Amino acid sequence: MEATQNTENPLHALNINQTMGLVMARAGLGKTAILVQLALDCMLMGNKVLHVSIGETVDKAKSWYDDILSLLSDGEKVSQIPEIMRNRMIMTFKETGFSGIKLEERLKDLIEQDIFQPRCMIIDGYDFADNGRDALVELRDVLNRLGLRQVWFSAVCHRDDGRQSALGVPSPCHDVDDIFNTVLLINPAGDTMRLDVLKCDIQGVKPGALLTLDPSTMLIQKTA
Amino acid sequence: MNKDLNKVRNIGISAHIDSGKTTLTERILFYTNRIHAIHEVRGKDGVGAKMDSMELERERGITIQSAATYCTWEDIDINIIDTPGHVDFTVEVERALRVLDGAVLVLCSVGGVQSQSITVNRQMTRYNVPRIAFVNKCDRTGANPMKVTQQLRDKLQLNAHMLQLPIGLENDLVGVIDLVTMKAVYNDGDNGELIRIADIPADMLEEAKAKREALLEDVSMFSEELMEAILEGGDIDPELIHAAIRKGTLSLELTPVFMGSAYKNKGVQALLDGVRAYLPCPTDVTNMALDLKNNEAEFPVTNNPEDPLIMLAFKLEDGRYGQLTYVRTYQGTLKKGDTIYNGRTGKKVKVGRLCRMHSDEMEEIDECGSGDIVALFGIDCASGDTFTSEDINCSMTSMHIPEPVISLAVIPVDNKAQINMSKALNRFTKEDPTFKSYVDHETGETIISGMGELHLDVYIERMKREYKAEVQVGAPQVAYRETITGRADFNYTHKKQSGGSGQFGRVGGFMEPFEEGDYEFADQIVGGVIPREYIPSCDKGFQKSLEKGLLCGAPVVGIRCAINDGAAHSVDSSDIAFQLAAIGAFKEGYIKAKPVIMEPIMKVVVEGPSEFQGAVMGSINQRRGMIIGTSEEGMYTVVEAEVPLSEMFGYSTTLRSLTQGKAEFTMEFASYKPVPKGVSEELIKKYQAEKKNG
């Protein structure tokens, strides 16, 4: 598989420094599961991750990590590896209450006091349809100011909206795809679940590369 | 006595501390003619509210023990359990929820949904208790029942709908608009006892119409008839709306919201109408019992007064009338003089006196039937026991009882105090399953343990006040545990031959982590190398070793000890020899099995103005806490974290000074987790020093 030239773990190939990534899919296909795997990959390497969940509760976001970690650890009790969870903090926002400035306000305090200095950020539930390009650019600037190295967004696309960018990035992100280094699309194809790499600025990973997902767990498959 | 079960409501009143639920209960009793004068919780008349019958409760203005009472509203009998609001007493809340069919969730219209409301709501969900909400204190500055309703939706994920609109707020609160009947309801008279129904004020009509429309749209989901009536247009029969709301409430898919001010006598009667109309009667709820003759198979109780008796003792009290046992009857009928059977002890007891309780006053009755909550006199039992008639043997489903996490030593000052303390502890441990006491064999001290600092504090106060037991109190101790993380073999020979009859026993096998429970013993002996009669001795020896671990003297849990080899001597082997061999074998294996010390971790929720978010998180970090997440609720931020209990002593003072008293926190036990290496070493050192000094 092309996406994983240098490592057996495809996540490492995608999850490198200075990434602004996007995972797209239709509703209910498992975007959060992919984001949580990217976050866990980062956490397992000892890095701090801030999971921003828009429109969901802390408990809901937490249960995603417990479930995925349980799958990854083959049913072993998650409580036995509590140290990993110290690398994660969840921050929730209401749909109407999220903006780059607001995020900066809440996070700055924690970084300055050295309570939590995230290296990676997950932003799940950002409304690309209602927030325009300017808001996204502002958010990107905030993330840069805060010193984030990896940021992953999720976005919902709709079957009945056929608009897409030259790279094949579907609406509502078709006209902001230049802001992202990496764009992945969850693509159900028959019995298999594919993770298409629509865009990737990372050396060695070419657009058009494919990853597969286990349809029952949504875990990214290991390469042979 | 009312025999029609459709006309019985067993309800609890649960909420956040200081949301005014005791005042609300007081008003309910007044309007239902159970009391004839109103006394405030912290009133100047010094009488205190009726439901706060314990002296300590009256003094502190909080409700500690649930007091049961009943009243009649129109044609309905209502049994009410007033429940405590502080998280340390949640076993009281849980016990009340277990026997109740429905509940009123009281919220403060200024404070809204607070962390304790979340805990109480979670408990109600655990027991599938349908609830209605009452937004109290609408007369206070900053009252906003609409915001509170939205919080019920956002924070508790309840499908909450206001059935009323306030007419005026804060000082201007004069009444409410009933969105079902589209009438204004006012409370007149000195104590709000006179209800005046009038037309909706003209300036609120449009708002009321819009709110009603939105209400009907959602409520019609529960009734096709109502949906048809809406589509047809014209006037809608309020009974159709009531029926739809009731259906939604019973299925836990809808939470009707009432509002008012108990203190200012507004909206309480309408809430009682809501209890009557929307909360379930005993036959609306399916309660399960366990058949003890059939491998504890679950079966539903029938509610039929003609069937064999099943009732659950959910609360004990030692009051001025002697021991009182509160019971809920699930099926059958109990008459004065009947003999009943305690499923746990197997003992038969005769019921001498039977009464209905009205806080601390009583009314003798001759019989009680299915669905009733009554008190029995002079019955020796523990809280949670099931009583039945002799022809059946069953138990009501066991309750979720959390393990105590904090303990402290109590030392009586003199001999009289010693005797009184024993009496008090005997009573408290029977009343409250989360409160435990035992004597530490090594120090000879009496140790009490419970769910938090306040929990133990209240019992110490009660010892002093109710039993005149003067005690000195030691520093609080966290209930540490030890466990092993690896597998280790042992092979130990106990041999003693120094005159007289000798002792000999050899025990071989292994120990390993055991996740399904605290301890398991496995006998894998083949060929009789250890004679059968000494196998239980080995088990006993291991169990003795588990009482005090070798690291810090804490009980050992999560361990499986298996024996597969050994040797005996025809003359020198004995029960005690094999017990000692097992103790030796345990010591040999334990250190090799990578033991660790575990500490109780509490789920801590701190809620305060957003400007203090950094300070709150910093304080949690300093306490070895792990921040799970933060969420924003308007001007407030809620921080959820997991913090070791040992670090939480005195946190309320720290939090108060950090946030100018504007933040508050709740905590409950979450799990046991291994302590960090540094802490572990310190605990081991301390234990070794204590052992050395005797």
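Just so you know, these numbers come straight off a predicted model, no measurement behind them.

Caption draft 1: How the structure looks around the interface of chain A and chain B. With 18 residues of chain A at the interface, the matching set in chain B holds 15 residues. Here the side of chain A that touches chain B takes five residues from strand β3 (residues 88-93) of chain A, the largest share from any one element. Residue composition of the side of chain A that touches chain B, grouped by class: ten nonpolar, four polar and four charged.

Caption draft 2: Structural detail: the sheet that holds strand β9 (residues 183-188) of chain B. All names here are of chain B. Pairing within the open sheet is antiparallel, and its four strands lie in the order β7-β8-β9-β10. Unpaired on one side and paired on the other, β7 (164-167) and β10 (194-198) mark the two borders of the sheet. In this sheet, adjacent strand axes meet at a mean angle of 30° when their direction is disregarded. Sheet topology note: the β7/strand β8 (residues 175-178) ladder contains four bridges and is antiparallel. Within the sheet, the bridge partner assigned to Leu 165 lies in β8 and is Ile 177.

Caption draft 3: A look at unusual backbone geometry. Omega for the peptide link from Ser 171 of chain A to Pro 172 of chain A comes to 10°, which places this bond in the cis form. Looking at the element boundaries, Pro 172 of chain A is found in the loop between β5 (150-156) and β6 (182-189). Notably, Met 182 of chain B is not glycine yet its phi reads approximately 55°, a positive angle. For Lys 468 of chain B, which is not glycine, the phi torsion reads 50° and is therefore positive. Turning to its location among the elements, Lys 468 of chain B is positioned in the loop between α11 (453-467) and β28 (471-473). The exposure class of Lys 468 of chain B is exposed, given the 12 C-beta atoms found within 10 Å.

Caption draft 4: Molecular detail of the packing of helix α5 (residues 100-112) of chain A against helix α14 (residues 613-622) of chain B. Interhelical geometry of α5 of chain A versus α14 of chain B gives an angle of 40° and a closest axis separation of 9 Å. When the interaxial angle is binned, α5 of chain A and α14 of chain B end up oblique. When you trace α5 of chain A past α14 of chain B, the crossing you get is right-handed. Along its contact with α5 of chain A, which presents Arg 106, Asp 109 and Leu 110 of chain A, the element α14 of chain B presents Gln 613, Gly 614 and Met 617 of chain B. Of the residues assigned to the contact of α5 of chain A with α14 of chain B, the class counts are two nonpolar, two polar and two charged.

Caption draft 5: Broad picture of α11 of chain B. All names here are of chain B. In this model α11 runs 21 Å from its N-terminal to its C-terminal C-alpha over 15 residues, within 8% of the 21 Å that 1.5 Å per residue would give. Burial in α11 covers these residues: His 455, Leu 456, Val 458, Tyr 459, Met 463 and Tyr 467. Viewed along the axis of α11, the buried residues span an arc of 155°, placing them on a single side of the element. The first or second residue beyond α11 is Lys 468, which carries a positive phi of 50°.

Caption draft 6: Expanded view of the pairing of strand β11 (residues 255-259) of chain B. All names here are of chain B. Counting buried positions along β11 gives five out of five residues, so the element sits mostly inside the fold. Alternating residues of β11 divide into Thr 255, Val 257 and Met 259 and Pro 256 and Phe 258, and every residue in both groups is buried. With three bridges connecting them, strand β6 (residues 160-162) and β11 associate as parallel partners. Bridge pairing in β11 links His 161 to Pro 256.

Caption draft 7: How the structure looks around the nonpolar core. In this structure, Met 24, Ala 39 and Met 121 of chain A are the most contacted members of the largest nonpolar core, which totals 114 residues. Ranked by residue count, the leading element in this core is helix α2 (residues 31-44) of chain A, at nine residues. Excluding residues within four positions of it along the chain, Met 121 of chain A makes contact with Leu 50, Val 52, Leu 143, Leu 148 and Val 151 of chain A. In this structure, Ala 15, Leu 152, Ile 245 and Leu 272 of chain B belong to the second largest nonpolar core, which totals 99 residues.

Definitions and limits used
- Residues numbered from 1 in each chain as written.
- Chains lettered and ligands numbered in written order.
- Predicted model: local features only at pLDDT ≥ 70, side-chain atom pairs only at ≥ 80, totals over all residues.
- Contact = placed C-beta atoms within 7 Å.
- Helix = DSSP H or I, 4+ residues; strand = E, 2+ residues; numbered from the N terminus.
- Nonpolar A, V, L, I, M, F, W, Y, C, P; charged D, E, K, R; others polar.
- Pairing = 2+ DSSP bridges.
- Axes fitted to C-alpha atoms, helices over the stretch in contact; angles between N-to-C directions.
- Buried ≥ 20, exposed ≤ 12 C-beta atoms within 10 Å, placed from the backbone.
- Parallel < 35°, antiparallel > 145°, perpendicular 65-115°, else oblique.
- Left-handed = near helix turned anticlockwise from the far one by under 90°.
- Expected span 1.5 Å × (residues − 1).
- Arc of directions from axis to C-beta.
- Core = buried A, V, L, I, M, F, W, Y, C linked by C-beta atoms within 7 Å.

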